[in-house]
There are 2 protein chains.
Amino acid sequence: MSEDRQESASRQQINSELLLAALYSNKLEEFRAEFLDLHPYDQAEFFSKLVDEDRAKIYNFLSPEEMADLFENLEADEENFKDVLAQMNPNYAADMLSNMYADDAVDVLNELDKDQVASYLTIMNEEAAKEIKDLLHYEEYTAGSIMTTEFIAISANQTVRSAMYILKKEAPRAETIYYIFVVDEEKRLAGVISLRDLIVADDETMIGEVMNDRVVSVSVGEDQEEVARMMRDYNFLALPVVDFQNHLLGIITVDDIMDVMEEEASDDYSKLAGIADLDTIDRNPFTAAKKRLPWLIILLFLGMFSASLIGRFEETLDKVAILAIFIPLIAGMAGNTGTQALAVAVRGIATGDLEKENKWSIILREAGTGLITGAVCGILVAAVVYFWKGEFFLGLLVGISIFITLIIATLAGSLVPLLMHRLKVDPAVASGPFITTINDIISILIYFGMAKIFMRFLI
Amino acid sequence: MSEDRQESASRQQINSELLLAALYSNKLEEFRAEFLDLHPYDQAEFFSKLVDEDRAKIYNFLSPEEMADLFENLEADEENFKDVLAQMNPNYAADMLSNMYADDAVDVLNELDKDQVASYLTIMNEEAAKEIKDLLHYEEYTAGSIMTTEFIAISANQTVRSAMYILKKEAPRAETIYYIFVVDEEKRLAGVISLRDLIVADDETMIGEVMNDRVVSVSVGEDQEEVARMMRDYNFLALPVVDFQNHLLGIITVDDIMDVMEEEASDDYSKLAGIADLDTIDRNPFTAAKKRLPWLIILLFLGMFSASLIGRFEETLDKVAILAIFIPLIAGMAGNTGTQALAVAVRGIATGDLEKENKWSIILREAGTGLITGAVCGILVAAVVYFWKGEFFLGLLVGISIFITLIIATLAGSLVPLLMHRLKVDPAVASGPFITTINDIISILIYFGMAKIFMRFLI
């Protein structure tokens, strides 16, 4: 760990001692000179570590505008926005919210109770309140929910010079000035021009001549995961969001998309592990246990069910106790191969690669993969059991069971998420432990079913 | 799947019929007019679907500069760069490589054999060849390996006007013009100014006055994952890369970081599932099986080992066959809880959250979590067995075994990755199936160990 700490020395250095000393001794000017020189992310990091009394001082030391920059960088998973806002004077909080980018303000307000939101909106700057209200309507995880309305839009019938003039004027409010969007009289998206192209273009050229009119956009109800894919495919810094009539509603910037990517990756990962929400580090074992127990208890009951299945073969087991030896092996292999197939399918759906493919070719391929891995593992295990225990039929039984189990478990691992995707259920919900336990049960049925057939050779 | 296809209609529309018709009938101008109007990503998508003969035509229709734009957007996991380059005339290929951004050209060259690289470098544009040679040295997964040398650097002792002049001149070559880096006479990084600030600044102001001199940078050997974290934390569009004496060597842009994030997420995910490399979709079952078999075979032998462990308890099993019923349940619970703890630890290391914490507090927390989940599941299972089978001691045995197993499995799941991180091994290598199988073995030892103690109550 020391390695990382040393390397990240290239991050900005926060002079915490100096800042704290200035804070405690009420040296306003000294504190502000040092603090405002920091990147807002580092300001937020410093703020996050303070106790409530010290935070109260910060509110006195910083204007609502300055606090807005800091607040945009506070992490939702480390701070309870509700509590932090409650510490502030309501007018100060409302002023701060007005000064935040609308999409960030919406993220904060989404954490509050409805009546709190309403009361902040009434005392806020009217224009900002309107922008925020518009954004609050959109459903979570859609393009609308992560877009901002602070973009620069111009008309095609103006010169590059006049566009630059607008741009300089609107720069302080806009979330990005590196893409300028061109709209027609009805506010429909007509084109886009990057600041890069604007700068190298001749001052008197008309925007219509230099803009790109084949503009890529997303519809407001689009899933945020698809937005992230498009941003990554096209290497955009911002994407315009439109309604079904192509009216420009907002833009999504790349920094928000990085957060989406992190969130989605974390989400898929936690579902594969069968755990509720990995985003936050739990400071105490009770909250950690609370997140893990739901899955564990579901799996416990599924496990009891598989135990009762084996119970039906008690007679078989009584006769050939040695059969029990291979139960964990077969169940384990079923779980492993199912998890692999599941991961391939979930990932393929997430990256969109599987969309391009015919579903029968996917099924055939997975069946083929199961056949090959099943054959290799089945032969291997049969040989090992034969040479180790000297029992030919036992080896054959375990080998054939592994062979059949691997084919079915591979198919189950890939078909379940594909089916869920079809039914518009998030495929990652078919999480790792769930598939594993289902496959455990299937494998036990196969193993004991085969054992009954082989019985007379085994005793 | 239809849902996604429809929604993504907002992506650029590729008029494939028109393009193919123009290609087949050798209508050069018609093809170029339509094709060059596409975003390079879509050009690459179209190109990817062509057979070799059609690709040969494309090389005739496009200049090496135009081909370079397309090639930068080809996906390494879908195309074999070696084969594609081999189809081109070597001079055309070298010209194209010269025209690519250096970091993208390096990505392509890294896929080739050493002597091929050398021969391309000799026939390439000299300046481009030098830039590429410099970049080829850096180790994979470091900041150096993903940076580009095409940045804009200016001096603090010039006016905003002259900086804008340099910027317009260098814009066609630079990978980004939205950040301009300020260096001193020895090329040491002294500051940064965004184009946004440059544009709103007065023309006669000196750069030294408006630049930000607390510039965040990464060292050239930094892990790309940490670079991605910094980019995300600070919302930068580009990060400067420096050597240990703070000389500016290159920059990393946000589009490359999105690829890194995707790659790292995919990597962690595939390791949790115990599968070699999820990045590519395998078109046939043999390549798919080849990726899955290594882990499956390792796990098979680990499983055989656990089978031999149970074998040692054959006598116990002979006496109390009913014990076998609960083997999959106990092994399964050990695997599940271990995977959960593993996922929390790996994710905590990846996001850097665990770095901030004392290792003893992590261990204590995980032990506590195991204790709580173990107690809950243990009591539950004991109760169910008692009411279902009416066997008090069997229930007690299974309950106590689950209790102890969950504590140890939780600790193992979190300690193994932490230990690996300490030893500077990628913690995700302690993949899901590995931890699961280790925990299977531990759980069986605990279960049969306890069974021996309980034996006289069970028969």
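Quick caveat: nothing in here was measured; it's all calculated off a predicted structure.

*Asks:* How should the confidence of the model for chain A be read in this particular structure?
*Replies:* Close inspection of predicted coordinates is inappropriate in any region flagged by low pLDDT. Mean pLDDT over chain A works out to 85, with 94% of the residues at or above the 70 mark. Throughout residues 1–9 of chain A the model reports pLDDT below 50, and contacts reaching past four residues in sequence, or to other chains, amount to 12 contacts.

*Asks:* Can you walk me through a nonpolar patch on the surface in this structure?
*Replies:* Residue and element names in this part refer to chain A. Together, Tyr386, Phe387, Phe392, Phe393, Leu396 and Phe457 make up a nonpolar patch on the protein surface, roughly 600 Å² of accessible area in all. Sorting the residues of the nonpolar patch by element identifies α21 (359–389) and α22 (392–422) as the ones contributing at least two each. Looking at which element gives the most residues to the nonpolar patch, the answer is α22, with 3 residues. Secondary-structure assignment places Tyr386 in helix α21. Assessed through its relative accessible area of 38%, Tyr386 is described here as partly exposed.

*Asks:* Mind showing me how you'd approach helix α3 (residues 28–35) of chain B here?
*Replies:* For an α-helix, 3.6 residues make a turn, and residues three or four places apart therefore share a direction. All names here are of chain B. Buried within α3 we find Phe31, Glu34 and Phe35. The buried residues of α3 occupy one face: seen down the axis, they fall within an arc of 95°. For α3, exposure combined with an orientation more than 90 degrees from the buried face picks out Glu29 and Ala33. Those residues of α3 that are buried are in contact with α2 (16–24), α4 (40–48), α5 (52–61) and α6 (64–71).

*Asks:* Would you mind going over the domain arrangement of chain A with me for this structure?
*Replies:* Reports of interface size often rely on the accessible area that becomes lost once the parts have come together. Residues and elements named next belong to chain A. Entries for chain A in the domain assignment read domain 1 (14–137), domain 2 (153–263) and domain 3 (285–458). Carbon and sulfur atoms make up 22% of the surface buried where domain 1 meets domain 2, a total of about 400 Å² over both sides. Three residues, Tyr101, Asp103 and Glu131, lead the burial of domain 1 against domain 2; their summed loss comes to 74% of the area buried on that side. Our count for the contact surface shared by domain 1 and domain 2 stands at 0 salt bridges. Linking domain 1 with domain 2 are 1 residue pair in polar contact (both at pLDDT 80 or more), by the criterion used here. Looking at the side of domain 1 that touches domain 2, the elements with two or more residues in it are α8 (90–99) and α9 (102–109).

*Asks:* Before we go on, may I ask you to explain the UniProt feature "domain: CBS" (unreviewed entry) in chain A in this structure?
*Replies:* Under the feature "domain: CBS" (unreviewed entry), the UniProt entry names residues 147–210 and 211–269 of chain A. This span, residues 147–210 of chain A, is 33% helix and 20% strand, and a straight line between its end C-alpha atoms measures 26 Å.

*Asks:* Whenever I open this one, the nonpolar core confuses me. Can you help?
*Replies:* Side chains that are nonpolar tend, in soluble globular proteins, to be buried together. With 191 residues, the main nonpolar core has Met67(A), Phe71(A), Leu195(A), Met67(B), Phe71(B) and Leu195(B) as its most contacted residues. When sequence neighbours within four positions are dropped, the list of residues in contact with Met67(B) reads Phe47(B), Ile58(B), Tyr59(B), Leu62(B), Met88(B), Tyr92(B) and Met96(B). Counting residues in each nonpolar core, the second largest holds 82 residues, with Met304(A), Phe326(B), Ile441(B) and Met450(B) among its members.

*Asks:* Got a minute to help me understand the packing of aromatic side chains in this structure?
*Replies:* Two aromatic rings are characterised by how far apart their centres lie and by the angle between their planes. In the structure shown here, the tally under the stated rule is 32 aromatic pairs over all chains. Where Phe71(B) meets Phe81(B), the ring centres are 5.5 Å apart and the plane angle is 40°; that geometry is what we call tilted. On the criterion of sequence distance, the pair formed by Phe71(B) in helix α6 and Phe81(B) in helix α7 (residues 81–87) is long-range, its members being 10 residues apart. Just as Phe71(B) is buried, Phe81(B) falls in that class too. Each member of the aromatic cluster is reached from another via a ring pair, and the members are Tyr179(A), Phe181(A), Tyr234(A), Phe236(A) and Tyr41(B). Arg55(A) extends its terminal NZ or CZ atom over the ring of Phe47(A), reaching a point 4.4 Å from the ring centre.

*Asks:* Any chance you could explain a negative patch on the surface here in plain terms?
*Replies:* On the surface, Asp107(B), Glu111(B), Glu139(B), Glu140(B) and Glu263(B) cluster together into a patch of negative charge. Overall, the relative accessible area of 34% leaves Glu263(B) in the partly exposed class.

*Asks:* Would you mind going over the pattern of salt bridges with me for this structure?
*Replies:* Taken as a whole and assessed by the stated rule, the structure comprises 29 salt bridges over all chains. A salt bridge links Glu204(B) to Arg161(B); the shortest N-O distance between them is 2.6 Å. Taken together, the positions of Glu204(B) in the loop between α14 (195–200) and α15 (207–210) and Arg161(B) in helix α13 (residues 160–170) put the pair 43 residues apart, joining distant regions of the chain. Overall, the relative accessible area of 46% leaves Glu204(B) in the partly exposed class. The class for Arg161(B) is partly exposed, based on a relative accessible area of 46%. Residues joined in a network through salt bridges with shared partners are Glu34(A), Asp37(A) and Arg214(B).

*Asks:* Help me understand the packing of α21(A) against helix α18 (residues 285–311) of chain B, please; the structure alone is not making it clear to me.
*Replies:* Packed helix pairs are specified by the crossing angle of their axes together with the interaxial distance, meaning the distance between the axes. With their axes 9 Å apart at the nearest point, α21(A) and α18(B) run at an angle of 30° to one another. One element, α21(A), and the other, α18(B), form an angle in the roughly parallel class. Remark: the crossing between α21(A) and α18(B) carries right-handed chirality. In the contact of α21(A) with α18(B), the residues fall into 19 nonpolar, 4 polar and 3 charged.

*Asks:* I'm lost on the UniProt feature "transmembrane region" (unreviewed entry) in chain A in this one. Help?
*Replies:* Residues and elements named next belong to chain A. Here the UniProt feature "transmembrane region" (unreviewed entry) sits at residues 293–310, 322–346, 367–388, 394–416 and 428–450. Annotated as residues 322–346, this span is 80% helix and 0% strand, and its ends, taken at the C-alpha atoms, are 38 Å apart. Secondary structure content for residues 394–416 is 100% helix and 0% strand, while the C-alpha to C-alpha distance between its ends is 32 Å.

*Asks:* Could you clarify how one ought to interpret the pairing of strand β3 (residues 189–194) of chain B in this entry?
*Replies:* The two faces of the sheet receive side chains in turn, since in a regular strand these alternate between them. Most of β3(B) is tucked away: 5 of the 6 residues are buried. Taken together, strand β2 (residues 179–183) of chain B and the strand that follows it, β3(B), pair antiparallel across an intervening segment of 5 residues, in which Lys187(B) is found at a positive phi of about 70°.

*Asks:* Can you help me understand the packing of α2(B) against α3(B) in this one?
*Replies:* Residue and element names in this part refer to chain B. Here α2 crosses α3 at 150°, and the two axes come no closer than 8 Å. One element, α2, and the other, α3, form an angle in the roughly antiparallel class. When the axes of α2 and α3 are compared, the crossing they make is left-handed. Of α3, the residues touching α2 (which contributes Leu18, Leu19, Ala22 and Leu23) are Glu30, Phe31, Glu34 and Phe35. Partitioning the contact of α2 with α3 into residue classes produces 6 nonpolar, no polar and 2 charged.

*Asks:* Please clarify how α21(A) should be interpreted in this entry.
*Replies:* The terminal C-alpha atoms of α21(A) lie 43 Å apart, and with 31 residues this matches the ideal 45 Å at 1.5 Å per residue to within 8%. Downstream of α21(A) by one or two residues, Gly390(A) has phi in the positive range, about 70°.

*Asks:* Would you mind showing me how to read the interface of chain B and chain A here?
*Replies:* Taken together, the 144 residues of chain B in the interface contact 144 residues of chain A. Both faces considered, chain B and chain A share a buried interface measuring about 12800 Å² in area, 62% of it formed by carbon and sulfur atoms. Summed over the shared surface of chain B and chain A, the result is 10 salt bridges. Here the side of chain B that touches chain A gets 19 residues from one element, more than from any other, and that element is α18(B). Taken together, the residues of the side of chain B that touches chain A sort by class into 74 nonpolar, 31 polar and 39 charged.

How each quantity is defined
Residues numbered from 1 in each chain as written. Chains lettered and ligands numbered in written order. Predicted model: local features only at pLDDT ≥ 70, side-chain atom pairs only at ≥ 80, totals over all residues. Heavy atoms only, no water. pLDDT = per-residue confidence, 0-100. Contact = heavy atoms within 4.5 Å. Patch = residues over 30% accessible without salt bridge, like charges linked within 9 Å, V, L, I, M, F, W, Y side chains within 5 Å. Areas by Shrake-Rupley, 256 points an atom, 1.4 Å probe, with all protein chains shown as cover. Salt bridge = Lys/Arg side-chain N within 4 Å of Asp/Glu carboxyl O. Helix = DSSP H or I, 4+ residues; strand = E, 2+ residues; numbered from the N terminus. Buried < 20%, exposed > 50% of the residue type's maximum accessible area, 1.4 Å probe, protein only. Arc of directions from axis to C-beta. Domains from an automatic or database assignment. Buried area = accessible area lost by both parts, 1.4 Å probe. Polar contact = N/O pair within 3.5 Å; in protein donor to acceptor, adjacent residues only side chain to side chain. UniProt positions renumbered as here; feature names shortened; annotations may be inferred. Core = buried A, V, L, I, M, F, W, Y, C linked by side-chain atoms within 4.5 Å. Phe/Tyr/Trp six-rings, centres within 6.5 Å; stacked < 30°, edge-to-face > 60°. Lys NZ or Arg CZ within 6 Å of the ring centre and 35° of its normal. Lys, Arg positive; Asp, Glu negative; His and termini not counted. Charge placed at Lys NZ, Arg CZ, Asp CG, Glu CD. Axes fitted to C-alpha atoms, helices over the stretch in contact; angles between N-to-C directions. Parallel < 35°, antiparallel > 145°, perpendicular 65-115°, else oblique. Left-handed = near helix turned anticlockwise from the far one by under 90°. Nonpolar A, V, L, I, M, F, W, Y, C, P; charged D, E, K, R; others polar. Pairing = 2+ DSSP bridges. Expected span 1.5 Å × (residues − 1).

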